[in-house]
Amino acid sequence: MRYVTLQIDVEGADIDALPGATVPESVQLGPIRAAELLDDGSLVFLRAIGGDPSAYRSVLEASESVHSYCLSEGERPHVFAHIEPNHAGRRLLEWKDRFPLVIQSPIEFVEDSIVVTLVGEVEVFTDATASLPLDVEYTILETGPYCPGDATVFHGLTERQREILSTALDLGYYENPREATQADLARALSVSPGTVGDHLRKIEATVFKKFLGSHSTTETVS
């Protein structure tokens, strides 16, 4: 069992919007925690939001594509909504449902692109990507063996980055007070201290972005 993370773009279409709706700058749309295409072609989803939830309520109220919604405005605001997706969004969901694949939440967005992680078999990934519509472009951001026990925040690290992080933890680099320096890690890994520093910065950026994405509404991709 493996995973593949894709960044998907649909030519001439914005797949991260309620059809015909304009979301004000005071609202930050976060990752989608769950989404399901219903038999009638409508969509239900659970999504994190930030900023001004009341402003997003006004967007939902004004949108003709929204059948119903429930908006929480607590410490971590979320919206559960039943909508009519735009054509691009519906096509992508119908495409995914044709194959024995599972979407690993959350579903994230970068500008007009959707970033989604699929779990399944290599042969299925190959068949699925080959059958994408001609106006859909995709980029493979990462892929590898899927380990259900992995913490979500470490999911985006490469095997080399995991090795370096493991060495840093074993030698006490993240202890307080610190028990090892980057030079110590470099000797253990047979690389230069500068290389270790570059890797650690990338590892920390990936982990922090994943952590914030799972605990806030910040839209990130690593």
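Residues numbered from 1 in each chain as written. Predicted model: local features only at pLDDT ≥ 70, side-chain atom pairs only at ≥ 80, totals over all residues. Heavy atoms only, no water.

Novice: Give a detailed account of the overall build of the chain, specifying residues and quantitative values.
Specialist: Counting its regular elements, the chain contains 6 helices and 8 strands. Walking the chain from its N terminus toward its C terminus, one meets helices and strands in the order β-β-β-α-β-β-α-β-β-α-β-α-α-α. By residue count, 41% of the 222 residues in the chain fall in the buried class. A sequence separation of at least 24 residues applies to 63% of the contacts in the chain between residues at least 6 apart. (Helix = DSSP H or I, 4+ residues; strand = E, 2+ residues; numbered from the N terminus. Buried < 20%, exposed > 50% of the residue type's maximum accessible area, 1.4 Å probe, protein only. Contact = heavy atoms within 4.5 Å.)

Novice: Account for the side chain of Arg-47, naming residues and giving values.
Specialist: Along the polypeptide, Arg-47 turns up in strand 3 (residues 43-51). Taking relative accessible area as the criterion, Arg-47 reaches 5% and is therefore assigned buried. A polar atom in the side chain of Arg-47 sits 2.6 Å from the backbone oxygen of Gly-30. (Polar contact = N/O pair within 3.5 Å; in protein donor to acceptor, adjacent residues only side chain to side chain.)

Novice: Before we move on, can you summarise the confidence of the model for the chain with the specific residues and values?
Specialist: Caution applies to low-pLDDT regions: their predicted coordinates should not be interpreted in detail. A residue-level look at the chain finds 86% of positions with pLDDT of 70 or above and a mean pLDDT of 82. When mean pLDDT is taken per element in the chain, helix 5 (residues 182-189) scores highest with 94 and helix 6 (residues 193-215) scores lowest with 77. The model gives residues 214-222 a pLDDT under 50, and that stretch makes 27 contacts with residues more than four places away or in other chains. (pLDDT = per-residue confidence, 0-100.)

Novice: Describe in detail the environment of Ile-203, supporting the description with residues and values.
Specialist: Secondary-structure assignment places Ile-203 in helix 6. For Ile-203, a relative accessible area of 2% puts it in the buried group.

Novice: Which residues make up the environment of Ile-140, and what values go with them?
Specialist: Relative to the helices and strands, Ile-140 is located in strand 8 (residues 136-145). With a relative accessible area of 49%, Ile-140 lands in the partly exposed category. Once the C-alpha coordinates of Ile-140 and Gln-7 are considered, the two residues, 133 residues apart in sequence, prove to be 6.5 Å apart. The residues touching Ile-140, leaving out its near neighbours within four places in the chain, are Val-4, Thr-5 and Leu-6.

Novice: Describe the nonpolar core, listing the residues and the values that go with them.
Specialist: Of all hydrophobic cores here, the largest spans 38 residues; its most connected members are Tyr-56, Val-79, Leu-92 and Leu-118. Excluding anything up to four places from it in sequence, Leu-118 contacts Arg-2, Tyr-3, Val-4, Leu-6, Trp-95, Lys-96, Leu-101, Val-102, Ile-103 and Phe-125. Core analysis: the second largest hydrophobic core is formed by 12 residues, Leu-185, Ala-186, Leu-200 and Ile-203 among them. (Core = buried A, V, L, I, M, F, W, Y, C linked by side-chain atoms within 4.5 Å.)

Novice: Outline the pairing of strand 6 (residues 102-110), listing residues and values.
Specialist: Where strand 6 meets strand 7 (residues 113-120), 6 bridges bridge the pair, whose relative direction is antiparallel. Note on strand 7: the bridge partner recorded for Ile-103 is Leu-118. Between strand 6 and strand 7, which pair antiparallel and follow one another directly, the connecting turn spans 2 residues, one of which, Glu-111, has a positive phi of 55 degrees. (Pairing = 2+ DSSP bridges.)

Novice: Run through the pattern of salt bridges, naming residues and quoting values.
Specialist: Across all of its chains, the model carries 6 salt bridges by this definition. As a salt-bridge pair, Asp-97 and Lys-96 come within 3.0 Å of each other at their nearest N and O atoms. Residue Asp-184 pairs with Arg-187 through a salt bridge whose shortest N-O separation is 2.4 Å. Of the two residues, Asp-184 and Arg-187 are both situated in helix 5; the distance of 3 residues between them amounts to about one turn of the helix. On the basis of relative accessibility, which here comes to 25%, the residue Asp-184 falls in the partly exposed class. (Salt bridge = Lys/Arg side-chain N within 4 Å of Asp/Glu carboxyl O.)

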